[in-house]
Each structure stands twice: as structure tokens, then as C-alpha cells.
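For reference, the chains in residue letters:
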Amino acid sequence: MSILDRMAAWSEFKVKEYGARYVAFGIFSVVNYLLPMYMWSDEHSGEVAVYSVRIAAILLSFFIAVSETIPAKYQKYRPLLWHFTVMFCLPFFVTFMVWHEGITLLWIINGCLACLLGLILLDFMSFLVLYIGGMLIGAVVAMLLGYRLQLDMPDFLLYPSLYMCVFICGIVMVFSRDREKNRTLQLNAMRALASTIAHEVRTPLATVSMLLKSMKLSDEKVSKETAERFDDKRKKALSEVSCIFSLIDLMLMKVSIFNRNCVEIEPVYIQDLVQESIDRYLRDDFVQKILRVNVIDNFSVNINKTLMLHVIFNLVQNAEYQVKAEGKGEIYILAGQERKWKYLTIKDTASGIHPDRIKSIFEPFVTFKPQGTGLGLSFCKTVVESMNACIECRSEYGKYTEFTIKF
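Residues numbered from 1 in each chain as written. Predicted model: local features only at pLDDT ≥ 70, side-chain atom pairs only at ≥ 80, totals over all residues. Heavy atoms only, no water.

Asks: So what's going on with the packing of helix α11 (residues 305-326) against helix α13 (residues 376-386)? Which residues, and what values?
Replies: Put simply, α11 and α13 touch, their axes get as near as 10 Å, and they point 145° apart. Two packed elements cross with a definite hand, and for α11 against α13 that hand is left-handed. Along its contact with α11, which presents Leu307, Met308, Val311, Asn314, Leu315 and Asn318, the element α13 presents Gly376, Leu377, Cys380, Val383 and Val384. Here the residues of the contact of α11 with α13 sort into eight nonpolar, three polar and no charged. (Axes fitted to C-alpha atoms, helices over the stretch in contact; angles between N-to-C directions. Helix = DSSP H or I, 4+ residues; strand = E, 2+ residues; numbered from the N terminus. Left-handed = near helix turned anticlockwise from the far one by under 90°. Contact = heavy atoms within 4.5 Å. Nonpolar A, V, L, I, M, F, W, Y, C, P; charged D, E, K, R; others polar.)

Asks: Tell me what's going on with the packing of helix α4 (residues 78-101) against helix α5 (residues 105-121), and back it up with residues and numbers.
Replies: Viewed as axis vectors pointing N to C, α4 and α5 meet at an angle of 165°, and their least axial separation amounts to 10 Å. In this view, α4 runs roughly antiparallel relative to α5, as classed from their interaxial angle. Here α4 runs over α5; the crossing is left-handed. Along the contact surface, α4 presents Trp82, Leu90, Phe93, Val94, Met97, Val98 and Glu101, while α5 presents Trp107, Asn110, Gly111, Ala114, Leu117, Gly118 and Leu121. Per-class residue counts for the contact of α4 with α5 are 10 nonpolar, three polar and one charged. (Parallel < 35°, antiparallel > 145°, perpendicular 65-115°, else oblique.)

Asks: I'd like to hear about the pairing of strand β7 (residues 400-406), residue by residue, with values.
Replies: The buried fraction of β7 is high, at six of seven residues. One ladder, built from six bridges, connects strand β5 (residues 341-348) with β7; its direction is antiparallel. The partner of Tyr343 across the bridge, within β7, is Lys406. Summarising the sheet, strand β6 (residues 390-396) and β7 pair through seven bridges and their orientation is antiparallel. Note on β7: the bridge partner recorded for Glu396 is Tyr400. Here β6 folds back onto β7 in antiparallel fashion, the turn holding three residues, of which Gly398 has a positive phi close to 90°. (Buried < 20%, exposed > 50% of the residue type's maximum accessible area, 1.4 Å probe, protein only. Pairing = 2+ DSSP bridges.)

Asks: Mind laying out α4, listing which residues take part and the relevant values?
Replies: In this model α4 runs 33 Å from its N-terminal to its C-terminal C-alpha over 24 residues, within 8% of the 34 Å that 1.5 Å per residue would give. The sharpest bend along α4 comes to roughly 35°, located at Phe92. The element α4 is extensively covered by neighbouring structure, given that 21 of its 24 residues are classed as buried. The first or second residue beyond α4 is Gly102, which carries a positive phi of 90°. (Expected span 1.5 Å × (residues − 1). Bend = angle between axes of the 7 residues up to and from the residue.)

Asks: Break down the sheet that holds β7 for me, with residues and values.
Replies: Here five strands make up an open sheet; going across it, the order is β2-β4-β5-β7-β6 and the pairing mixed. Two strands lie at the open edges of the sheet, namely β2 (291-295) and β6, each paired on one side alone. In this sheet, adjacent strand axes meet at a mean angle of 15° when their direction is disregarded. Against the sheet, α11 contacts β4 (331-338), β5, β6 and β7, and its axis sits at roughly 30° relative to β5.

Asks: Could you give me a rundown of a nonpolar patch on the surface, with the residues and numbers involved?
Replies: A cluster of nonpolar side chains, Ile55, Leu59, Phe62, Phe63 and Val66, forms an exposed patch at the surface whose accessible area comes to about 440 Å². As for its position among the elements, Phe62 is in helix α3 (residues 48-65). Judged by its relative accessible area of 47%, Phe62 is partly exposed. (Patch = residues over 30% accessible without salt bridge, like charges linked within 9 Å, V, L, I, M, F, W, Y side chains within 5 Å. Areas by Shrake-Rupley, 256 points an atom, 1.4 Å probe, with all protein chains shown as cover. Salt bridge = Lys/Arg side-chain N within 4 Å of Asp/Glu carboxyl O.)

Asks: Give a description of the side chain of Thr404 that names residues and reports values.
Replies: Within the secondary structure layout, Thr404 lies in strand β7. Excluding its chain neighbours within four sequence positions, the residues that come into contact with Thr404 are Tyr343, Leu344, Thr345, Cys390, Ile391 and Glu392.

Asks: Now, about the packing of aromatic side chains: what can you tell me, with residues and values included?
Replies: In the structure shown here, the tally under the stated rule is 11 aromatic pairs. Their ring planes at 55° and their centres at 6.4 Å tell us that Phe299 and Phe407 sit as a pair that is tilted. Taken as a pair, Phe299 in the loop between β2 and β3 (300-303) and Phe407 in the segment after β7 lie far apart in primary sequence, 108 residues in all. It is Lys324 that lies over the ring of Phe286; its NZ or CZ is 5.0 Å from the centre. Lying over the aromatic face of Tyr400, Lys347 brings its terminal NZ or CZ to 4.8 Å of the ring centre. (Phe/Tyr/Trp six-rings, centres within 6.5 Å; stacked < 30°, edge-to-face > 60°. Lys NZ or Arg CZ within 6 Å of the ring centre and 35° of its normal.)

Asks: Describe in detail the nonpolar core, supporting the description with residues and values.
Replies: One finds Met308, Leu344, Ile405 and Phe407 to be the most contacted residues of the largest nonpolar core, which totals 44 residues. Element by element, the count of residues in this core is highest for α11, at 10 residues. Beyond its immediate stretch of four places on either side in the chain, Ile405 contacts Met308, Val311, Leu315, Lys342, Tyr343, Leu344, Val384, Ala389, Cys390 and Ile391. Grouped together as the second largest cluster of nonpolar side chains are 36 residues, Ile64, Trp82, Met87 and Ala114 included. (Core = buried A, V, L, I, M, F, W, Y, C linked by side-chain atoms within 4.5 Å.)

Asks: Run through the confidence of the model for the chain, naming residues and quoting values.
Replies: The predicted model of the chain averages 79 in pLDDT, with 74% of residues at 70 or higher. Between residues 257-262, whose pLDDT stays under 50, and residues either more than four places distant or in other chains, the model counts 14 contacts. (pLDDT = per-residue confidence, 0-100.)

Asks: I'd like a rundown of the environment of Glu12, residues and numbers included.
Replies: In this structure, Glu12 sits in helix α1 (residues 3-18). Residues Glu12 and His83, 71 residues apart in the sequence, show an inter-C-alpha distance of 9.7 Å. Leave out the neighbours within four places in its chain, and Glu12 touches Pro79, Lys381 and Glu385.

Laid out in C-alpha cells, this is it:
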């Protein structure tokens, strides 16, 4: 995974945890940086650097306000654009202007407001990273442009400035930390509840699983054909129980999304993974008729095998639904290596996905099936990203849908 993708994954993780006010901040920031260009146009006339920085802030704010319209394949970078825009428009801009104009009452107030706004928009860790980084970059850019920080401060500004700094630090230490403590308590409660439910469900399932494994027909009068049918049904029931165990693991993993290090991984060869997914979950006669498998390179990946098996099952199940609904098409499982990526692709040649829908398919509770929950693809995305991989969707409406997991 490239540095840009890692940064995008970190930003997406933080946005999922604390949210992002894309449109509200974008509109507010456009207005906030556009009006002063006219209010103080005489004061900064001819200063290209100041106008350039303001125009850049306006453009970034406009893009973040309309970022929902970004093509689906670039949506994963939307949270990163959000964090970069906040950093540029608040700490970077204020620092740059302080180096340009000196420490004045106007920029002391602006700096305090920028800190307050940052605490409202961001979690504490993101606030520290973005503001320290933004201030450093702002100072470096100002220095490269030849500006020098004027440290002379009038006496009447000294005490108000110190007071405002202490006031801001108090807000950071008290209110921001309280919010994160409450959030942590809520998450711990969710994890404890999920663990309790999982334990209560696992216990009877384990009993059922042991009973199924020990069951066999011993009556000599039973025909061989009947015994084989019984054994097939027993194996299918065991497979269903195993699938439920996987769902429980997936639920626990979803609740633990804010601590992705909890996911245990191991090296697995892709050929073994694909074959086991077929043996355990894809033995349905209909699927077997339309399934095409092509493992070009048998590479090894570090994954949680149980969870990744469920991802494959989920994607193939979605493909099967589309093929049945359209009454045509085939399902392909492809694996190989391409440049720096190892990939696993699940593709169907049924109906494809409408362009208006594709950008929201990974969002929780978004479904286009009559009986769907809207959690399957969201879970798949969470599982894949927890293993330092990524999942992408490509589709041509009326022709095909293709999900690719890149390791």
C-alpha cells in the first residue's frame, strides 16, 4: 500500500470514528476567505502570495463542499481531502499570515478562533497532528517566500494574548478530553455487549456442531443412497454453522473497528483460500455451473483467513443474486499479480450497477435488494482494510460488476 493510500486509510478511519462536516465547513470557509479579499483589497493590493493562499483556500473549500460528486474510485481520498483542507484553511493560513503581517490583535483572534473551530471539527489526535503540521508548513512556506516573523508585540496585546492561550489550552484539556472519554466508554460498552452476545450464541452453536459431527446412520436397513443424502445434509448443516461462526467473528470485528490491531493475521496462499471458499461456501449446484476460477499466480498474503473467506462468500453471493435476477451471466474468481499489487477479483457478467448507485455501495445500511440489510459490502470493506488491503468496485451498467481486493 502506497504512502498516499495509507494516509487515506488513516483519514477514513478518523472520519468514520468522529465524522466530517464536508458541506457545512466548505460553504463556511468559501465565504470566510472570499469576503476579506474585497474588504481589504487595498491593503493587500499587489501581494501575489496573500491572494494565492486565499484563492487556494477558497478552491479547496469549494472542492470539499462538492466532494460527494467525486467519482466512486476516488471517494476513498475524500476524508484525506477533508483533513488537508482543514489543515490548510486553519493552522496553515493563520501561521502564514502571522509571518506575513506580524503578531497583531486581528491574527491573535483569528488564531484562537481557528483553534476553537478545529476542536469542534476534529478529534484530539487529529487536531494535534494537523495543527502542528499546518503551523510548521505555514512557517516554512513563509520563510521560503522571504517573510520574517516580527516578534515585537505591543504591551497592550501581551496579557490578552497570554489569557487567550491559557483559555484555549483549558478547552483542549477539559472539553476535548471529556468528549473522547465519553466516546471511549460508549465503545467499550458496545464491545462488552457484543462479546457477551457472541459468547451466548457460540455456546449452543458449538454443541450443535459437535452433535452434527458425531451423527451417523447405523441402521443396516438404510440404503446407501439414503445414507449419502443424510451425510450431504449433515455436511451442509455443518457448513451453515461454520458460516454463522464467521458472522459472529465479523460482528466482533465490526464493533472493534476502532482498534484494527485486534485482527489476527497469518500467511495464506491464495490458491488454498479460493479452494477452501469453494469447498465450504460455494458448493451450491447453481453456483458450480456458472463459476469460473483462474488463479494465475499462487501468491501468499497475510490475512485473517476466517474473515476473508466470508468476504469471498459475500461477494460471490451478491454476484449469484444478480445472475439469478437477470437470468444470465457467469461468475469469475481471478487471482494474480500486477506490478506492485497482488489482487483477488470477483466478477459477474449480469446486470452491472447503475452509475448513480455505485458511489454509495460501501456505505452502511445502503442496499438495493428488496430483503437486503446494507451491511454486507460495508463489512467486506472494513475487513479488507483491517488487513492493510483495499477493495475497489468497477462496473459497466448492463454488462458486468467487478470487485477487486488489492493486497
